[in-house]
Amino acid sequence: MIIEGAPWAKIETLAPDAYDPYWRITLDFLKIAFAHWPLWLAERGLIDRAKRVALLIDDEIKALEGAAPRGPTIIAGSTGANRATARLIAAIARAPQGAVVLPDLDLDLDDGAWAMIGADDDATLGLAGHPQSLMRRLIGAIGVKREDVAKLGSPSPALAARSAFLTEALRPAESTERWREREGALSPPALAAALAGVTIVVADNETEEALALAIAMRETLETPGKTAALITPDPSIARRVSAELARWGVEVEDSAGRTLGQSPAGALARLILDAAIEFSPRSILALLAHPAARFGRARADIEGATRALELAIFRAIPLKSLDDLDRAFVEARQAAEDIHAHPAVHRVGEVDRQAAEALAREVARALAPLRALGPSASLSDSLTLHRAAVSAVVAGPRGAAHDTVEDPRGFEPLMELMDEWSEAAAESFPTALAEYSALLDDALASARAPPASGGHPRLQILGLLEARLLSFDCVLLAGLDETVWPPSVDTDAFLNRPMRAALSLSPPERRIGQTAHDFVAALGAPKAVLSRAKKRGGEPTVASRFLQRLVAAAGAGAQAFADAEERGRRYLAFARALDQPAEFRPGVRPAPRPPVELRPRALSVTRIETLRRDPYAIYAEYILRLKPLETVERDMGPREIGIAWHAALQEFVETHPFGALSPEARDRLFSIARERFAPLRADPAFAALNWPRIEAGLDFFLAFDRKSRLDATSVWVEQHGAIPIPLASGAPFKLSARADRIDALASGGARLIDYKSGTPPGAKEVKVGFAPQLTLEAAMLRRGGFKRLPPLEAEQALYLKLGGAKGGEEKPAGGKGEDIFALAEKHFAELKILLDQFSCEDTPYLSRPFPKFASRFSDYDHLARVKEWATADGDAESGDSP
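These numbers come from a predicted model, not from an experiment.

Student: Tell me about the overall build of the protein, and name the residues and values.
Tutor: When its secondary structure is counted, the protein shows 34 helices and 14 strands. Summarising its shape, the C-alpha atoms of the protein cover approximately 120 × 70 × 65 Å along the three principal directions. Counting the 882 residues in the protein, one finds 47% classified as buried. Residue pairs at least 24 apart in sequence account for 77% of intrachain contacts in the protein once pairs closer than 6 positions are excluded. With the model as given, the accessible surface of the protein reaches about 43300 Å², and the carbon-plus-sulfur share is 55%. Distance from the positive charge centre (107 side chains) to the negative charge centre (121 side chains) of the protein: 3 Å.

Rendered as structure tokens:
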């Protein structure tokens, strides 16, 4: 209301009862705000920023109207969208030595259509979305008639024809009946002249659009001295086109530039705050990855220590917070001593480990003052400590900021911004660190970074405002889709349209009229390329109403318009061909055939299952010796739950190896479980959601254990076993296993039990041999493969599902009634055949040969490039073996 010059007292004249109750609520809120805002400013000796601008303009108007002599005063290119600016323009026009140059005032539109636009100063009474709506309001404020405005210069015949066509195409909708006459600007010869230099690009998506525009700009450079400018209200389009031009080594500076937040200095400032707030492995690694991070070291030393920190500590153990660094270091060293630790962890030497630990402690020291800020810390303290942290992070080996930062100029504006804020910050303004971070983000987003140098002198990327007074040989109007150009109309959250009209406020459609004016003005170049995309962000788009008007005015099937679209298809053809390979060969399923001597000679029963389901995974793990790294800040998930289950049940059964359980067995089992699950139960979500199901699983296991001991003479848990298997080639092979539990039965047989905290395999998977763990363990047991047990024939093989809604479930391997002895011997015989096949160099390690039985996710699918060939390979889709 201040900008529009509407007095606040007028808000009292509104009658909210005539509208929905929502508007009464918002109106009451505005009345409170308007009553208290001036008082708040007065108490602090401040003035509203918009009010100050308005008063300055009023003072300038008084000076222009005063008796004191003034030199020539000229204002050019303004549409007077701001009412205060419009008053200033009017004052300059009335001044003795004043002159106003009106941008693109339409002198050709007929008087009837001009009258429809609206002569009243209140633009809501006219057509606010028309290109001339603001110009009509401005000359009304100046107090002149359109015919009194002098015309400067004369356009070429082609541009004059285009101007006349735009006048007709964008005339008020109420007067479009004149299009039927097809005379003057809409006649075929006139259309051909108007659109002779116009190209229309309709791309499939925003990526194709950007590449086509970049090609058009690159084409301009082929003609010496020619200039071109991309004009768009969408910064993302500007960034895409700039990136595409870089493929030819052409750099173009966007007139909007970049914010301080987008500069390396701004990014570092935010990373420091993120690390101080979260103090987690990910936030620390992100901070250390910034090229300006030094911490008193050379950059090469930082990179080496960061790599060791990530491998030896952050990926070695589940770690969410770094509040206790010493404990984390101890746990990481213990994890490195485990023979099952990742090879990359073992390869980190003691010197590198110490450098990593020292760097982590240095980061902690640099961030400690910021992290110690309480919720009531003042803004001044936050700024001071943040600046100190920035200095500590970028300090080089000798304590000075390093001179190889990607954009060192960005740090000076950052420090200046922080100094300005420090001077203005009131001690009574409290900000928690997270609030200060949000406040700084907003400040960095509004501050400008120093412009980059080296932009091409003949190419520019401009916004709508910057392009108004500049001329080029070729202009590219990009983003001609609804919600982009023109922008979407945002309705007022506080006042509806009738209320805004009653207060003499401009309607929301004013922005459409302004962008329509910019559209017409931009088309004044000899050559123009109009572009849009059928999809943006994967969503269908609607062509800009401006473009639709041009099509409608030209008429269906107009040859001139068809020619313009054909010229656009030329650029699209270039764009599509540019990245199109000369020949495309779909990926094929990998089938590596490594030498026999490199093939594994020992596998566990669980790896035999992998060999059946996905041989390529065995090839990658055992022959290429690739093992996936653990993720940083990994959650303690299914694997840790399974380990805790096995450890708890092993400890419990080992304390009760045979005989009936005592009455205290339940208390003992729950006590052991609480200890083993303690790291998991530290998570409140796990304690609330998972632990009750685990308790139910413990009761289920206890009931099963009591029952199973009735026919068992002894119980053996976590038994390691191995047997040799002679191959047809004469080479030895060792099959190993670790049985979760083996019950020696009074009948002389045995019962094999495998604990499952997840979903057990289905009966069909077991029968056909894709889940042979228990059956191969049974075959090993019959052949004396478990040293602590005599050879026994398995009478039962069970999967014991633990946890879940029911507490647990018994699932016989292969299904109820299955002869486990016969199935075990069958699987063992098939295993020998399989191993003989893989002992032959002609047998490939295929990726997912049986997709139906393959694991849903594999650590090596990306290495096998599964997504490249799975859709094209009929075998992969059908589930049959190739």
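Still more ground to cover, so stick around.
Student: Account for the packing of helix α3 (residues 83–94) against helix α5 (residues 133–142), with residues named and values stated.
Tutor: The interhelical angle for the contact between α3 and α5, taken along N-to-C directions, is 50 degrees, at an axis separation of 8 Å. Between α3 and α5, the angle falls in the class oblique. Of the two possible hands of crossing, α3 and α5 adopt the one that is right-handed. For the pair α3 and α5, contact is made by R83, A86, I89, A90, A93 and R94 and by R137, L138, A141 and I142, respectively. When the residues that make up the contact of α3 with α5 are grouped by side-chain class, the tally is 7 nonpolar, no polar and 3 charged.

Student: Kindly report on the pairing of strand β13 (residues 794–802), identifying the contributing residues and their values.
Tutor: Counting buried residues in β13 gives 7 out of 9 residues, a clear majority hidden from the surface. Examined bridge by bridge, strand β12 (residues 750–756) and β13 share 7 bridges and lie parallel to one another. Each bridged residue has a counterpart across the sheet, and for R751 the counterpart in β13 is Q796. Pairing geometry for β13 and strand β14 (residues 808–812), over 5 bridges, is antiparallel. Bridging across to β14, K801 finds its partner in E809.

Student: Outline helix α22 (residues 559–578), listing residues and values.
Tutor: A rise of 1.5 Å per residue sets the reference length of α22, with its 20 residues, at 28 Å; its end C-alpha atoms lie 29 Å apart and thus fit the reference within 8%. Those residues of α22 not exposed but buried are A560, F561, A564, G568, Y571, L572 and A575. Summarising the axial view, the buried residues of α22 lie within an arc of 125 degrees, below the 170-degree limit, and thus occupy one face. Against α7 (188–194), β3 (198–205), α8 (206–220), β7 (527–536) and α21 (545–554) lie the buried residues of α22.

Student: Pulling in residues and values, what's your account of the nonpolar core?
Tutor: Membership of the largest hydrophobic core comes to 65 residues, with the highest contact counts inside it found for I272, L287 and F295. Aside from chain neighbours lying at most four places away, what touches L287 is L268, L271, I272, A275, A293, F295, V363 and V393. Formed by 50 residues, the second largest nonpolar core is a distinct cluster that contains A620, L727, F733 and Y860.

Student: Requested: an account of a negative patch on the surface, with residues and values cited.
Tutor: A contiguous patch of negative charge, built from E412, E416, E420 and E423, is present on the exposed surface. Among the structural elements, E423 can be located in helix α17 (residues 411–424).

Student: Outline the pattern of salt bridges, supporting the account with residue identities and numerical values.
Tutor: Following the criterion strictly, the structure yields 61 salt bridges and no others. Two residues, E65 and R94, come together in a salt bridge whose shortest N-O distance is 3.4 Å. On the criterion of sequence distance, the pair formed by E65 in helix α2 (residues 49–65) and R94 in helix α3 is long-range, its members being 29 residues apart. In this pair, the class of E65 matches that of R94, namely exposed. With a closest N to O distance of 2.9 Å, D518 and R468 form a salt bridge. Separated by 50 residues along the polypeptide, D518 in helix α20 (residues 510–522) and R468 in the loop between β5 (459–462) and β6 (474–477) bring together distant segments of the chain. For the residue pair D518 and R468, the accessibility class agrees, reading buried in each case. Connected through shared salt-bridge partners, D705, R709, D711, R741, D743 and R751 make up one network.

Student: Report on the environment of D518, specifying residues and quantitative values.
Tutor: Owing to a relative accessible area of 7%, D518 belongs among the buried residues under this scheme. Expressed as a C-alpha distance, the spacing of D518 and F733, which sit 215 residues apart in the sequence, is 78 Å. Residue contacts for D518: discarding those within four places in its chain leaves L464, R468 and W485.

Student: Pulling in residues and values, what's your account of the packing of helix α23 (residues 605–613) against helix α31 (residues 773–782)?
Tutor: Taken N-terminus to C-terminus, the directions of α23 and α31 make an angle of 130 degrees; their axes are 9 Å apart at the nearest point. Between α23 and α31, the angle is such that the two are oblique. Relative to α31, α23 is oriented so that their crossing is right-handed. Across the interface between the two elements, V605, T606 and I608 of α23 pack against Q773, L776, E777 and M780 of α31.

Student: How would you summarise the confidence of the model for the protein if you had to cite specific residues and measurements?
Tutor: Per-residue pLDDT for the protein has a mean of 89; in total, 96% of the residues score no lower than 70. Note on residues 873–882: pLDDT under 50 across the span, and 20 contacts to partners over four residues away in sequence or across chains.

Student: Please set out the pairing of strand β1 (residues 73–76) residue by residue, giving values where relevant.
Tutor: Burial of β1 is one-sided: the residues T73 and I75 facing one way are buried, the residues I74 and A76 facing the other way are not. Where β1 and strand β2 (residues 98–101) come together, 4 bridges link them in parallel fashion. Pairing of A76 across the sheet is with V101, part of β2. A crossover links β1 with its parallel partner β2, the connecting element being α3, and its sense is right-handed.

Reading the values: rules and limits
- Residues numbered from 1 in each chain as written.
- Predicted model: local features only at pLDDT ≥ 70, side-chain atom pairs only at ≥ 80, totals over all residues.
- Heavy atoms only, no water.
- Helix = DSSP H or I, 4+ residues; strand = E, 2+ residues; numbered from the N terminus.
- Buried < 20%, exposed > 50% of the residue type's maximum accessible area, 1.4 Å probe, protein only.
- Contact = heavy atoms within 4.5 Å.
- Areas by Shrake-Rupley, 256 points an atom, 1.4 Å probe, with all protein chains shown as cover.
- Lys, Arg positive; Asp, Glu negative; His and termini not counted.
- Charge placed at Lys NZ, Arg CZ, Asp CG, Glu CD.
- Axes fitted to C-alpha atoms, helices over the stretch in contact; angles between N-to-C directions.
- Parallel < 35°, antiparallel > 145°, perpendicular 65-115°, else oblique.
- Left-handed = near helix turned anticlockwise from the far one by under 90°.
- Nonpolar A, V, L, I, M, F, W, Y, C, P; charged D, E, K, R; others polar.
- Pairing = 2+ DSSP bridges.
- Expected span 1.5 Å × (residues − 1).
- Arc of directions from axis to C-beta.
- Core = buried A, V, L, I, M, F, W, Y, C linked by side-chain atoms within 4.5 Å.
- Patch = residues over 30% accessible without salt bridge, like charges linked within 9 Å, V, L, I, M, F, W, Y side chains within 5 Å.
- Salt bridge = Lys/Arg side-chain N within 4 Å of Asp/Glu carboxyl O.
- pLDDT = per-residue confidence, 0-100.
- Right-handed = clockwise from strand over helix to strand, strands pointing away.

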